[in-house]
Amino acid sequence: MAWKAFHNDEIDVDINYKPLNQIEEEEIIELHQLHDDSTAEMFDRQSDDNDVKSKLLEDSQETFTVDEAINHIGFGPFQILIMALIGMCSMADAMEVMMLSIIAPELRCIWKLPRWQEALITTVVFVGQFFGAAIWGKFCDKFGRKTGLVACSVWLLYYGFLSSISPTYVWFLCMRMLAGFGVVGGNQGNTLVSEFVPSKVRGKCLAVMGSFFAIGSIGIALLALVTMSTLGWRWMLALSGIPLAGFICLSWWLPESARFCMLCGNEAEAYKTLQKVARMNKKSLLPGRLKKIVVAERGKFSDMFETKEMTVTSLLLFYIWFTAAFAYYGIVLLSTEFLTQTVDNTCTSKSVGSLSGECGFWCERMSTEDYIDFIKTTFAEFIGSV
C-alpha cells in the first residue's frame, strides 16, 4: 500500500525539494544579498522622500534677515545695557587721550624735558594709533567684534599700567606708543552697537555713545584734580584703567554680533543671539528662519580709488577727518598750556618754586583752580555730544 501511494500520479511530489540542513552555502548567500539589496533600496527611497519633504518645508518657511529681526524687536533694555557696557570702553579711550594734556607738562617738570621731548609724549600715542587702526580692523573682521573689543581692552589696560611704572623717559615713550596701538581698537565698540540697535534710532544711539567719550574726558580731569597733588602722576595713570577693568570683567555677558555670525556661516549662534535680545526686550522673534548672507569678496584699499567719483569722495573724506582731528586734538592738547602759562628761558619770581633754578629752564604745575577751569571747558564737550 505504501509503495502504491508513493507512485500514485495524483500525489504531487517535488523531487527538487531539499531539507534545510542540505541547502548549500551559496544559496543562503544569494538569499541574504537579495534581502539586503531590497532593504537598501527601500531606505534610499525613504531618504529621498525625506530630503524632498525637508526641501519643500524650507522653501515654504518664511525667512528674515538680522536687520529685520532687530527692527522687529525694537529698542529696549538689551540695547541700554550694551551701550552702557561698551560706553566704558569709550570712557577709557577718552581718558587715555585727555590725560596727555595733563601729564605731559607734569613730566616736563619732573624729568626736566625740553619742549620737543614733551611734545613727543603725545606724538608717540598717535603713531601707535596709526599702525593699530588697520591691524585691529583686520583682526575684528576675522575673529569677531566682541573678541577684538575685549582683546584691545586687555592690551590697553596692560600697557597703560606699565606706563604708570615706567622708570625712564624712553620706557614711558615705548609704553605709551603700545597703549596708543590699543586705543584705536575701541572704535569697534560703535560698530557692535550699530549692529544691535534698530535702524530708525541708530543715529541717535551713536550720538549718545559720543557722550561717554565726554564723560571720560571729565572723569580724567576729576581724577587728576584728586591725585596729581597728593598721590602723583603714576597713580593717576594706574587708576585711569578702572573703566577698562570693569568692562573686561563684565564682557562675558556681551554677545557676538549676529550679523558677524551670519557672515561666518554660524546661523545657529546668530539665531541664539537674537533670541537673547528678544527675551531681554520681552518681545517675540519673527517666525521662520534666518536668511543666509552671501559673502562677497572683501574690499581692498585700492577700491577707494577705482573710479574718478570714488577717488574724489575718498580724498574729501580724508581731508574732512584730518581737519577735524587736527582742530579737536590741537585745542584739547593746548588747553593746559593756556592754563599753566608755562614760559621758557625766563627768570621771574615764579622760578623760586620750579625744579631748576637756572634761567634756561623752569616750569609751573597746574593748580587746583587750573584743574577746575579745565573741567569747565571739558564739560562743554559733553553738552555738544548730547
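Every chain begins its residue count from 1, and numbering advances along the sequence as written. Local features are withheld for residues below a pLDDT of 70 in this predicted model, meaning they are given only at 70 or higher, and side-chain atom pairs are given and counted only at 80 or more; totals for whole chains, interfaces and linings count all residues. The basis for every side-chain value is the complete set of heavy atoms in the structure, and neither hydrogens nor water enter the calculation.

1. A word on the overall build of the protein chain
Every helix listed is a DSSP run of H or I at least four residues long, and every strand listed is a run of E at least two residues long, numbered separately from the N terminus. Of regular secondary structure, the protein chain possesses 15 helices and two strands. When contacts within the protein chain are restricted to residue pairs at least 6 apart in sequence, long-range pairs at least 24 apart make up 77% of them. As displayed, the protein chain has an accessible area near 23,200 Å², and 64% of this comes from carbon and sulfur atoms. The contact rule is simple, with two residues in contact once any of their heavy atoms fall within 4.5 Å. For the accessible areas, the method is Shrake-Rupley and the probe is 1.4 Å, while residue cover comes only from the protein chains on display.

2. A closer look at the pattern of salt bridges
Salt bridges are defined as contacts in which a side-chain nitrogen from Lys or Arg sits within 4 Å of a carboxyl oxygen from Asp or Glu. Enumeration over the complete set of coordinates arrives at four salt bridges. For the salt bridge of Arg 108 with Glu 118, the shortest nitrogen-to-oxygen distance reads 3.5 Å. Of this pair, Arg 108 sits in helix α4 (residues 77-111) while Glu 118 sits in helix α5 (residues 115-143), and the two are ten residues apart along the sequence. The two residues Arg 108 and Glu 118 agree in class, both being buried. Per-residue accessibility, obtained with a 1.4 Å probe over protein chains only, is compared with the maximum for each type, and a residue is labelled buried under 20%, exposed over 50%, and partly exposed between these values.

3. A short note on the packing of aromatic side chains
Any Phe, Tyr or Trp ring, taking Trp's six-membered ring, that has another such ring centre within 6.5 Å forms a pair; planes under 30 degrees apart are called stacked, those over 60 apart edge-to-face, and the others tilted. Evaluated as defined, the whole model comprises 18 aromatic pairs. Where Phe 139 meets Phe 143, the ring centres are 4.8 Å apart and the plane angle is 40 degrees; that geometry is what we call tilted. Linking Phe 139 with Phe 143, this pair stays in helix α5, spanning four residues, or about one helical turn. Of the residues examined, Phe 143 reaches a relative accessible area of 44% and is grouped as partly exposed.

4. Some details on the packing of α4 against helix α9 (residues 202-227)
It is at 7 Å that the axes of α4 and α9 come closest, and there the two elements cross at 45 degrees. Considering their axes alone, α4 and α9 lie oblique with respect to each other. Once α4 is placed against α9, the crossing between them reads as right-handed. Here the contact of α4 with α9 is built from residues that sort into 19 nonpolar, five polar and one charged. Geometry is summarised by axes, namely lines fitted to C-alpha atoms with helices restricted to the contacting stretch, and by angles between N-to-C directions that run from 0 to 180 degrees. Here roughly perpendicular refers to angles of 65 to 115 degrees, roughly parallel to angles under 35, roughly antiparallel to angles over 145, and oblique to all remaining angles. Helix crossings get a hand from a simple test, with the near helix turned counterclockwise from the far one by less than a right angle marking a left-handed crossing and a clockwise turn marking a right-handed one. In this classification, Asp, Glu, Lys and Arg are treated as charged, Ala, Val, Leu, Ile, Met, Phe, Trp, Tyr, Cys and Pro as nonpolar, and every other residue, Gly included, as polar.

5. Considering α4
To estimate the expected span of a helix, count its residues, drop one, and scale the result by 1.5 Å. The terminal C-alpha atoms of α4, which comprises 35 residues, lie 49 Å apart, in line with the 51 Å expected from a rise of 1.5 Å per residue. Across the chain, bend at a residue is computed as the angle between axes fitted to the seven residues ending at that point and the seven starting from it. Remark: the principal bend of α4, roughly 40 degrees, maps to Leu 100. Among the 35 residues of α4, 27 are classified as buried, and the element is accordingly described as predominantly covered. Directly beyond the C-terminal end of α4, a positive phi value near 55 degrees is found at Lys 112.

6. A short note on the confidence of the model for the protein chain
Across the chain, each position has a pLDDT score giving the predictor's confidence in that residue, from 0 to 100. On average, residues of the protein chain carry a pLDDT of 76, and 74% of them reach 70 or more. Taken element by element, the protein chain is modelled with least confidence in helix α1 (residues 2-6), mean pLDDT 41, and with most confidence in helix α7 (residues 169-183), mean pLDDT 91. Counting contacts from residues 20-25, a segment whose pLDDT is below 50, to residues more than four positions away or on other chains yields two contacts. For the stretch residues 47-60, pLDDT sits under 50, and the model shows one contact to residues farther than four places along the chain or on other chains.

7. With respect to the environment of Thr 368
Relative to the helices and strands, Thr 368 is located in helix α15 (residues 368-385). As for Thr 368 and Val 226, which are separated by 142 residues in sequence, their C-alpha atoms are 9.1 Å apart.

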